[in-house]
Amino acid sequence: MLRAVAAGRAEVTGGVEPELYVDGLPCCDQMATHDLVHAGLLRPTRPTSFGRRVCAELTDDGRAALAAS
């Protein structure tokens, strides 16, 4: 999932429990998405509202986690 975000292939929705879309398709592991967002590894590239999709980006911690894998 982090690799897809790093490659610019992911979007994330706004809301308390965001959803991740890769190549326009919803990611089937919603719990992993929630965990990655809440852990501060990925975020929307700009403010968004509930259910609205925007591009996702890695945080510094996300880039470090990806580099360590």
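Above this text sits the structure in question.
Bear in mind the structure is a predicted one, so any value in this text is a computation, not a measurement.

Trainee: I tried to follow the overall build of the chain on my own but got confused; where do I start?
Mentor: A count of helical and extended segments in the chain gives three helices and five strands. Counting helices and strands in the order they occur from the N terminus, the chain gives α-β-β-β-α-β-β-α. A globule of 69 residues ought to have a C-alpha radius of gyration of about 11 Å, and the chain, at 11 Å, matches this closely. Taken over the C-alpha atoms alone, the chain extends approximately 30 × 20 × 20 Å along its principal axes. Nonlocal contacts in the chain, meaning residues at least 24 apart in sequence, comprise 46% of its contacts between residues at least 6 apart.

Trainee: Where do I start with the packing of aromatic side chains in this structure?
Mentor: The geometry of an aromatic ring pair comes down to the distance between the two centres and the angle between the two planes. Overall, the coordinates contain zero aromatic pairs when judged by the stated rule. One Lys or Arg, Arg53, reaches over the ring of Tyr21 and ends 3.7 Å from the middle of that ring.

Calculation criteria
Residues numbered from 1 in each chain as written. Predicted model: local features only at pLDDT ≥ 70, side-chain atom pairs only at ≥ 80, totals over all residues. Heavy atoms only, no water. Helix = DSSP H or I, 4+ residues; strand = E, 2+ residues; numbered from the N terminus. Rg over C-alpha atoms; globule rule 2.2 N^0.38 Å. Contact = heavy atoms within 4.5 Å. Phe/Tyr/Trp six-rings, centres within 6.5 Å; stacked < 30°, edge-to-face > 60°. Lys NZ or Arg CZ within 6 Å of the ring centre and 35° of its normal.

Shape is all these values report; function is a separate question.
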